[in-house]
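Descriptive structure summary
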Amino acid sequence: MATILTKTDFILYRECPNNVWVKKYKPDEYTKFEVSDFEKSLAVMGNEVEELARGMFPTGFLVERRSEGAQELTKKLIAERAPVIFQAVFATDKYLAATDVLKWNEAAQKYDIYEIKMSSTEEDDDDDEEGKPKRVNKKRELQYEYDLAFQVNVAEECGVSFNQKYLVRLNRLYVRSGELDFTPSQLFIVEDKTEAIDRLKPTAAIEMPQAQAYLSAMEMPQAPCPCYYKGRSSHCTAFTYINPNVPAYSVHDLNRIGNSKRYLKELLDEGILEIGNVPIDDRLRPKEVKGSIKPSKPRKLNQILVHKSKEPMIDFESLKAELDSLKFPLYFLDYETYPTAIPPYSGYHPYQQIVFQYSLHVVKDKDSEPAHFELLILDGEPSERIAESLHEHIGDTGTVISWFKTFENSRNRELAGFLPRHKDFFLNIIARTYDLMDVVEGQHYVHPGFEGRASIKKVLPVLAPHLSYKKLGVQSGTDAIEAYRKITRGELTGELAKEKEREMIEYCKLDTYAMYVLWKFFCGVVDGV
């Protein structure tokens, strides 16, 4: 029996054909690698954004099913020229597509098609430079265009052609003031993608039957999959099932290997998978960057050398200089935040992080024990209360320490802009913040156990194995986000909510205590302890 190709599977096929084949024919294996509760909540958030965007089209009729009856209802609504149709369904013997919004264009005597995405109009990555222009994610843009092209092609096979093709997404520059504003160019931006889709349609029309035939084959495709030539972070969901010969720690884990695709391909084509088998040659020398004052760090080389030697590599002089730059008192600070797509409060923009929790360990001098302060807010807009509490415990002098300070400083910058009364306080924190991750990322201390990474979740078990996140009920920032969502939405109540609150506090406290313990460890290395 021929496979019906959906839009979702077509997009997944373009990323990795093997992966979507496993998803379809080996669901039990695929679900072993399935997404976390937080990632599942993102799908829910996407549905909520789509439903909210329908507020731009108040007269719409919703087609609620995906069955044959939905197709017939779609045909009927189109024949009647219904002004707006939500979730219109088009199907052939090979393809199935549901469109977010169709709007009748009286002048063109055709429908315009609108695809709604939960992303914002600009790249959402944190930056550490005020005024730095946001990047456009070209890969994501192309994916969206293929998404629309698939829908247009399926509809045309069903005898329906569209006039204009639009992409609807959140406007990152929109700032909520009172009720959400659905007028054009406010909460949502509508972008005309007609030219791009018309150019892409023929290419998509070639790829669609290829994908449908591929997913109709009952025999598992041969390994490796296309992700084989990508770094670990870009691997597909079922990578380890598809490529069982790849070690859990392989050349795919070399530091920043995703930026060295040609080098990775050379290693793999030479049959090199194990880190210990990587030859020490000129390919490991950092490339010189024109205009760069500091030479690049030989991160891959160092990672391989410590793996081979099984001993850490320590630059005592540079490590001492880093630690000597810190001024007492030291403030080990960590935030927990919720990145909601729809701004829930006035003054917020789409995807602005809600800072709902902080943990702070304060050390007066090198020999004193840390004092701990914390705050968790699970009701209403929390920023003013967070700022007031931080004011009580962070003085005007001393170094503020974070792990990956880009994140904390981005939140500090947002709070400075959001709370004029506290602007100077947060800008002062930014100026005094030191990134303890720089000790690892800057190659002052390299350990084979880090496996080329610098996250605190990777470093802590190596240098302080007595501390573990695995014992906690909330074990990661994404767990904390999901806990916040469930409590504030009433999905967790009573004793279950109170227990989750305790787990959230315990988790955030460990984040800052872990930084303190790692700082003490590095001080001990310098002092010869």
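For clarity, every value in this text was computed on a predicted model and none was experimentally measured.

One side chain can pair with another of opposite charge once the charged atoms of both are near each other. By the definition in use, this model includes 39 salt bridges. Residue R421 is joined to E384 by a salt bridge in which the shortest nitrogen-to-oxygen separation is 2.5 Å. Within this pair, whereas R421 is found in the loop between α13 (405-418) and α14 (423-432), its partner E384 is found in helix α12 (residues 383-393), the two being separated by 37 residues in sequence. Each of E141, E145, R169, E191 and K193 takes part in a single network of salt bridges with overlapping partners.

Moving on: the sheet that holds strand β11 (residues 371-376). The strands making up a sheet associate through hydrogen bonds between their backbones, and the pairing can be parallel or antiparallel. Pairing is mixed across the open sheet formed by five strands, whose spatial order is β11-β10-β9-β12-β13. Every interior strand has two partners, whereas the edge strands, β11 and β13 (433-435), have only one. Pairs of neighbouring strands in the sheet enclose a mean axial angle of 25 degrees, with direction left out of account. Two strands pair when backbone bridges link them, and strand β9 (residues 330-339) and strand β12 (residues 399-402) are joined in this way by three bridges, in the parallel orientation. The residue of β12 that forms the bridge with F332 is I401. Strand contacts of α13: β9, β10 (353-363), β12 and β13, with the helix running at about 75 degrees to β9, the strand carrying the most contacts.

This next bit is on the packing of aromatic side chains. One pass over the structure, following the stated rule, counts 25 aromatic pairs. Where Y513 meets Y516, the ring centres are 5.8 Å apart and the plane angle is 40 degrees; that geometry is what we call tilted. Of this pair, Y513 and Y516 are both found in helix α18 (residues 494-527), three residues apart, which corresponds to roughly one turn of the helix. By relative accessible area, which is 6% here, Y516 ends up buried. Members of the aromatic cluster, joined through ring pairs, are F328, F332, Y513, Y516 and W519. We note R14 situated over the ring of Y146; from NZ or CZ to the ring centre the distance is 3.4 Å.

Cut-off values and rules
- Residues numbered from 1 in each chain as written.
- Predicted model: local features only at pLDDT ≥ 70, side-chain atom pairs only at ≥ 80, totals over all residues.
- Heavy atoms only, no water.
- Salt bridge = Lys/Arg side-chain N within 4 Å of Asp/Glu carboxyl O.
- Helix = DSSP H or I, 4+ residues; strand = E, 2+ residues; numbered from the N terminus.
- Pairing = 2+ DSSP bridges.
- Axes fitted to C-alpha atoms, helices over the stretch in contact; angles between N-to-C directions.
- Contact = heavy atoms within 4.5 Å.
- Phe/Tyr/Trp six-rings, centres within 6.5 Å; stacked < 30°, edge-to-face > 60°.
- Buried < 20%, exposed > 50% of the residue type's maximum accessible area, 1.4 Å probe, protein only.
- Lys NZ or Arg CZ within 6 Å of the ring centre and 35° of its normal.

By themselves, these figures tell us nothing about what the structure is for.
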